[in-house]
Structure formats: structure tokens, C-alpha cells
Amino acid sequence: MSGAVTLSMRLRRAATRLAEAGVDSARVDAELLAAYVLGVPRGALLLIGEISDEQAEVLDRLVELRARRVPLQHLTGTAPFLGRDLLVGPGVFIPRPETELLARWGVEALREVRVPTVLDLCSGTGALAVTVADARPDARVYAVERGEHALPWLRRNVEGTGVVVVEGDVREVALPHPVDLVLCNPPYVPEAVAVPPEVGHDPQDAVFAGPDGLDLIPVIVSRAAAVLRPGGLLGIEHDDTHTDAMRELLAAEFTEVTTHADLAGRPRFTTAARAGTA
């Protein structure tokens, strides 16, 4: 076909192709890819009648990659997170909408704290760290990450926010202390759990954590206990099978242990206060 191409027709074709490939959000993904190609917000697609052959060719190429289950975020280069478009790509874990709940909790937890010090452990893109820094410009925020391929994405995302990147393994790296809040979205998926094909594009050591998914969480709890001030708060995301284990891990040095559900009603993150008097 030469000349102008009807956008609505291209979107129908794209959505059909993605649905056939097993993409659950086929129509949404087709529209987001079209918006990316055209450089407009998704809502503006209704105002566009036709696109050029060149634009249609780019869209078709991206749709085919998405049909092969390349993550949408890798194709557009960004992942939305609480009003920010975080830069993402191969080598860094793509932040999920569920983690926005933990981020919101963290910001609210600091409401009465003056000039807080905050740690984001296993930071990845820096989603949690950047959210806190955006909401609390007075905070001292540190993002801890070891992944050599994740670190460039982290540094790009925190640029201009005041977040300090701490390069190293959470098991052994020196951490600032005392701190008021520790947030963490660690690897926690049990090895035997089947995951969507897109997850195969995430760094596997940022997803899976041993047979029960708990290889790293006890270390994080221990390190958080060591650096939090008495009364300081911890918020950690985990698998929906980890509720009892989290309570056991936190029982010795934390109080006010609370499990929070995600939007689907599944246990998704647990919060607690460091034992002792502030």
C-alpha cells in the first residue's frame, strides 16, 4: 500500500496480532506502541486519522517484537511509575505497578519525620528512591544496587534528584546509618514458579531467589535492623506465600508488623518498626 495508511486499521491489525501471540493487554499495547511511534499521548490517537508508510513500518516492526514477548517497556524505553517515566532496558528489572503501593506507603511513613534518611535496597531502576526524593526534596536518599547492567539505568534515573547511588551487594556493602526508613523490592519469586515470557527479559537474579524465594530477604531484614534507628520503619515487598515467613523473620527485632495487600487482594508487602525507643 502506498500513501497514507489508516491508523485505526493498523491498530486493529496490531491488536489482533498481539492477542494471537498471547498478550493479555493486546489493544492497550498496540495503542501505546502507536503513540510511541507517533510521539503523542495515547489519548491523542483518536484525533489521528492516518499515518505514513514509514510510521506504519516502524509500528509493524515493534508489534512483531512485542508478539515475540519482548516487554513493551523495552520497546518504548520507559516504564511509568507514579507519574514518572523511568528509563529501562535490558539488564534492569522493570518496575511493576504493585510496587507503587510500597512507594506510596514509604512517602506517607515519612510525613512526620524531619530531614529523613532513607535507604532503597536492591534499587534496580531507582523507582522507590526516586519516588521518595520527588516527594521529599529534603530527604537524604541512598539507592543500593550491585548489578553492573542495572547500575547505568539507575544512575540515569536518579540524575538531578539528589539520590546517592551506593554500588555493592546488599549482603556486604557498607550502608549509611542511622536511617529512618528502609524500602526494598528484592528478588523473591520461588524458582519453580512459572512466570510470563516477558519476565525472561528481566535479570534473573532480580526475580528469583532460591527454592522458596527467601534466599535474600533474611539478609535484608538483618541489615535493616542494623541500620534503622529505634522506631525507624521497614517496608519490603515479597511473594504472596511469604506472609508467615515475614512475620517470623521480623519478630525478633521489629514491632508493628503489618502485611499489606496489592490491588488484587494478595499479600504483597510487609511493614514493621524497629524495636526500641526513638
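Structure shown above.
Keep in mind that this is a model prediction, so the values were computed, not measured.

What counts, and where the lines are drawn
- Residues numbered from 1 in each chain as written.
- Predicted model: local features only at pLDDT ≥ 70, side-chain atom pairs only at ≥ 80, totals over all residues.
- Heavy atoms only, no water.
- Helix = DSSP H or I, 4+ residues; strand = E, 2+ residues; numbered from the N terminus.
- Rg over C-alpha atoms; globule rule 2.2 N^0.38 Å.
- Contact = heavy atoms within 4.5 Å.
- Areas by Shrake-Rupley, 256 points an atom, 1.4 Å probe, with all protein chains shown as cover.
- Lys, Arg positive; Asp, Glu negative; His and termini not counted.
- Charge placed at Lys NZ, Arg CZ, Asp CG, Glu CD.
- Pairing = 2+ DSSP bridges.
- Axes fitted to C-alpha atoms, helices over the stretch in contact; angles between N-to-C directions.
- Parallel < 35°, antiparallel > 145°, perpendicular 65-115°, else oblique.
- Left-handed = near helix turned anticlockwise from the far one by under 90°.
- Nonpolar A, V, L, I, M, F, W, Y, C, P; charged D, E, K, R; others polar.
- Polar contact = N/O pair within 3.5 Å; in protein donor to acceptor, adjacent residues only side chain to side chain.
- Buried < 20%, exposed > 50% of the residue type's maximum accessible area, 1.4 Å probe, protein only.

The subject of this paragraph is the overall build of the chain. When you go through the chain residue by residue, the secondary structure sums to nine helices and 11 strands. Expected size for 278 residues packed as a compact globule is a radius of gyration near 19 Å; at 21 Å, the chain falls within 12% of this value. Expressed as lengths along the three principal axes of its C-alpha atoms, the size of the chain is roughly 75 × 40 × 35 Å. For the chain, long-range pairs separated by at least 24 residues make up 61% of all intrachain contacts whose partners lie at least 6 apart in sequence. About 13,200 Å² of surface is accessible on the chain, with carbon and sulfur atoms providing 52% of the total. Taking the average place of the 27 positive charges on the side chains of the chain and the average place of its 39 negative ones, the gap between the two points comes to 3 Å.

Let us now look at the sheet that holds strand β8 (residues 179-184). The strand order across the open sheet formed by seven strands is β7-β6-β5-β8-β9-β11-β10, and the pairing between neighbours is mixed. If you trace the sheet from one side to the other, it starts and ends with β7 (164-167) and β10 (254-261), each paired once. Taken pair by pair, the neighbouring strands of this sheet meet at an average axis angle of 15°, ignoring direction. The sheet contact formed by β10 and strand β11 (residues 267-274) spans six bridges and is antiparallel. Bridging from a neighbouring strand, Thr259 pairs with Thr270 of β11. Together, β5 (117-121), β6 (140-145) and β8 form the strand contacts of helix α6 (residues 127-135), whose direction differs from that of β6 by roughly 175°.

The packing of two helices is summarised by the inter-axis angle and the distance between the axes. Contact geometry of helix α1 (residues 7-20) with helix α2 (residues 26-38) gives a least axis separation of 8 Å together with a crossing angle of 130°. One element, α1, and the other, α2, form an angle in the oblique class. The interaxial crossing formed by α1 with α2 has right-handed handedness. Here Leu7, Leu11, Arg12, Ala14, Ala15, Leu18 and Ala19 of α1 come into contact with α2, specifically with Ala26, Arg27, Asp29, Ala30, Glu31, Ala34 and Leu38. In the contact of α1 with α2, the residues fall into 10 nonpolar, no polar and four charged.

It is worth spelling out the packing of α1 against helix α3 (residues 53-67) at this point. Remark: α1 packs on α3, axes separated minimally by 9 Å, with the N-to-C direction vectors making an angle of 15°. If you check the angle between α1 and α3, you find them roughly parallel. α1 and α3 meet at a crossing whose hand is right-handed. Across from Arg10, Ala14, Arg17 and Leu18 in α1, the residues of α3 making contact are Ala56, Leu59, Asp60, Val63, Glu64, Arg66 and Ala67. For the contact of α1 with α3, the residue count by class is six nonpolar, no polar and five charged.

With respect to the element layout, Thr117 can be found in strand β5. Reaching out from Thr117, the side chain makes a polar contact with the side chain of Arg140 at a distance of 3.0 Å. What Thr117 contacts, discounting residues up to four positions off in sequence, is Arg140, Tyr142, Pro178, Val179, Asp180 and Leu181.

Moving on: helix α8 (residues 217-227). Within α8, the full set of buried residues consists of Ile217, Ile220, Val221, Arg223, Ala224, Ala225 and Val227. Those residues of α8 hidden inside the fold are in contact with β5, β8, β9 (228-237), α9 (243-250), β10 and β11.

This part is about the environment of Ala251. Turning to its location among the elements, Ala251 is positioned in the loop between α9 and β10. The class for Ala251 is exposed, based on a relative accessible area of 53%. Residues Ala251 and Thr16 lie 235 residues apart in sequence; the distance between their C-alpha atoms is 51 Å.

Before going further, it helps to spend a moment on the environment of Leu86. By the element assignment, Leu86 lies in strand β4 (residues 84-87). A residue is classified by how much of its surface remains accessible, and Leu86, at 2% relative accessible area, is buried. Between the C-alpha atom of Leu86 and that of Arg156, which follows or precedes it by 70 residues, the distance is 9.0 Å. In this structure Leu86 touches Gly77, Thr78, Ala79, Phe81, Pro95, Thr125, Ala127 and Asn157, once residues within four positions along its chain are discounted.

Once that is clear, we can look at helix α5 (residues 99-109). The set of residues buried in α5 consists of Thr99, Glu100, Leu101, Leu102, Ala103, Trp105 and Gly106. Next to the buried residues of α5 lie β3 (78-81), α6, β8, β9, β10 and β11.

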